[in-house]
Amino acid sequence: MSLDTRADLAVRGVRVATPVRRPSGAGPSDDGHVVIEGRNAALPIDPASPYTVDRGKIWLGEIDTGLTLDVVKRPRFYDLTTADGVRYEQIARLHGKDVLATTVVQTCIRYAEEQRCRFCTIEESLRSGSTVAAKTPAQLAEVARAAVELDGVTQMVMTTGTTTGPDRGARNLVRCVRAVLDAVPGLPIQVQIEPPGDLSVIDDLRTAGAASIGIHVESLDDEVRRTWMPGKGSVPMAEYEAAWDRAVSVFGRNQVSTYLLIGLGEDPDELINGAAGLIERGVYPFVVPFRPMAGTLARRDGWPAPAPSMVRDISGRVAALLREAGMLGADQKAGCAACGACGVLQAAGG
Ligand code: SF4
């Protein structure tokens with residue numbers, strides 16, 4: 001696949017109706033879910049995009065890009081409801097064609113405007129009623145079982161808004177992982193946490209059965225962190241480093257990942273140097289284009305998406321470093337790096 005086209009699509013999106021969407025939520029990505037050339041892709045769905053879809057192919061105006069695109073169908077588990085009246089799709093959602101994703105706690109102590117990450121809309125999806133504030137382990141188990149049985153889900157991602165406890169929400173995930181694995185033994189689960197203070201919770205997550213872990217820093221540049229993530233950016237980088245190292249020792253090399261966002265104003269060479277350092281540590285740097293999605297402070301303030309050429313350049317160079325180190329996203333057992341939809345690293349060979 002042409003990396004130029006894939007990077008262009010990641011930023012400029014496509015004009016197509018997608019029944020599976022993620023219009024808002026935790027973290028930096030929204031978008032519609034499709035499969036391009038057999039790989040999961042989360043693309044902005046934009047009526048102004050120059051890309052269209054016809055006869056299962058992506059077109060740029062009159063030009064056939066040669067790329068196939070299948071829209072991810074609405075999964076059957078979305079039509080189910082728990083005994084206490086919560087729709088399954090409010091508990092967990094399909095990402096790509098085969099990933100079940102949930103935000104276990106949909107609130108964040110950092111959501112006040114002066115603390116909030118400028119790319120995040122975690123509480124917007126709560127306000128719109130598309131999700132519920134807290135998912136119980138039993139609810140997650142019920143939905144995971146249905147998603148695997150009815151829709152062929154192959155892995156699960158569990159993230160959480162930051163809570164007030166010293167573990168920042170990580171310990172709750174231990175219970176959730178256990179419950180899901182009791183219901184669906186062997187389902188690969190990735191947990192996503194902030195550095196948890198007491199690092200032993202990382203061991204507990206692994207013991208509970210989580211297969212991989214994401215500890216997402218978003219940027220390694222302290223000035224960018226302060227500007228874009230006033231709350232989360234106050235967690236010292238040393239805490240991230242300690243958490244990554246503990247996670248690598250417990251989960252193994254390349255079963256630990258972090259997001260690095262392209263387009264927050266960081267110098268590309270510095271971003272790539274930082275990614276190289278992470279790879280050396282055994283941490284997969286999932287570089288992803290920032291998207292100014294509706295409801296974010298960044299969108300309100302007019303911060304633009306990065307240039308597609310920058311996304312291609314950074315993704316291509318980080319993918320080369322990953323290949324050199326023998327660390328492929330596809331080798332992660334679960335999680336965003338394994339899914340790859342929100343970035344173009346896998347298309348770049350990383
Ligand atoms: S990369 Fe992560 S957030 Fe994006 S679609 Fe895949 S699982 Fe969901």
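Everything below is about the structure shown above.
Residues numbered from 1 in each chain as written. Predicted model: local features only at pLDDT ≥ 70, side-chain atom pairs only at ≥ 80, totals over all residues. Heavy atoms only, no water.

**Q** Quick one: what's the story with the sheet that holds strand β7 (residues 99–103), residue by residue and with numbers?
**A** Taken together, 7 strands build an open sheet; the order of strands is β6-β7-β8-β9-β10-β11-β12 and the sheet is mixed. Where the open sheet ends on each side, the last strands, each with one partner, are β6 (93–95) and β12 (283–289). The sheet shows a mean angle of 30° between the axes of neighbouring strands, direction not considered. In terms of strand pairing, β6 meets β7 through 3 bridges, oriented antiparallel. Residue R93 lies in a different strand from β7, and its bridge partner there is A101. Seen against the sheet, helix α4 (residues 137–151) touches β7 and β8 (155–159) and runs at an angle of roughly 165° to β7. Strands in contact with helix α9 (residues 268–281) are β11 (256–262) and β12; relative to β12, the strand with the most contacts, it is inclined by about 150°. (Pairing = 2+ DSSP bridges. Helix = DSSP H or I, 4+ residues; strand = E, 2+ residues; numbered from the N terminus. Axes fitted to C-alpha atoms, helices over the stretch in contact; angles between N-to-C directions. Contact = heavy atoms within 4.5 Å.)

**Q** Summarise the side chain of H216; cite the residues concerned and give the values.
**A** Structurally, H216 can be placed in the loop between β10 (212–215) and α7 (222–228). With relative accessibility at 12%, the residue H216 sits in the buried group. The contacts of H216, once residues within four sequence positions are left out, are Q192, I193, K232, Y240, S257, T258 and Y259. (Buried < 20%, exposed > 50% of the residue type's maximum accessible area, 1.4 Å probe, protein only.)

**Q** For helix α1 (residues 3–12), give the residues involved together with the corresponding values.
**A** The buried fraction of α1 amounts to 8 of the 10 residues, a majority that puts the element mostly inside the structure. Along α1, the positions that sit buried rather than exposed are L3, T5, R6, A7, D8, L9, A10 and V11. Its side-chain oxygen at 3.3 Å from the backbone nitrogen of D4, S2 defines the N-terminal cap of α1. (Polar contact = N/O pair within 3.5 Å; in protein donor to acceptor, adjacent residues only side chain to side chain.)

**Q** Tell me about the side chain of D31, residues and numbers included.
**A** If you trace the backbone, D31 turns up in the loop between α1 and β1 (32–36). A polar contact of 2.2 Å, which involves the side chain of D31, links it to the side chain of R291. Discounting chain neighbours no more than four positions away, the residues touching D31 are R21, R22, A42, L43, P44 and R291.

**Q** Give a description of the sheet that holds strand β4 (residues 57–60) that names residues and reports values.
**A** Strand order in the open sheet formed by 5 strands is β2-β1-β5-β4-β3, and the pairing between neighbours is antiparallel. Both edges of this open sheet fall to β2 (39–43) and β3 (51–54), since each of them pairs with a single strand only. In this sheet, adjacent strand axes meet at a mean angle of 45° when their direction is disregarded. Strand direction decides the pairing type here: β1 and strand β5 (residues 63–71), joined by 3 bridges, are antiparallel. Looking at the pairing, V34 lines up with V71 of β5. Where α1 meets the sheet, it contacts β1, β2, β3, β4 and β5, and its direction lies at approximately 40° from that of β2.

**Q** Residues and numbers for the packing of α1 against helix α11 (residues 308–325), please.
**A** Interaxial distance between α1 and α11 falls to 8 Å at its minimum, and their mutual angle equals 125°. In terms of their interaxial angle, α1 and α11 are classed as oblique. Judged by the twist between their axes, the crossing of α1 over α11 is right-handed. Facing L3, D4, A7, D8, V11 and R12 of α1, the residues of α11 in contact are P308, V311, R312 and G316. Here the residues of the contact of α1 with α11 are counted per class, giving 5 nonpolar, 1 polar and 4 charged. (Parallel < 35°, antiparallel > 145°, perpendicular 65-115°, else oblique. Left-handed = near helix turned anticlockwise from the far one by under 90°. Nonpolar A, V, L, I, M, F, W, Y, C, P; charged D, E, K, R; others polar.)

**Q** If you had to explain the packing of helix α6 (residues 200–208) against helix α8 (residues 237–251) to someone new, which residues and values would you point to?
**A** The geometry of α6 relative to α8 is characterised by a closest axis approach of 9 Å and an angle of 30° between their N-to-C directions. The angle between the axes of α6 and α8 places the two elements in the roughly parallel class. Relative to α8, α6 is oriented so that their crossing is right-handed. Mapping the contact onto sequence places S200, I202, D203, L205 and R206 in α6 and A243, R246, A247, V250 and F251 in α8. Grouping the amino acids of the contact of α6 with α8 by side-chain chemistry returns 6 nonpolar, 1 polar and 3 charged.

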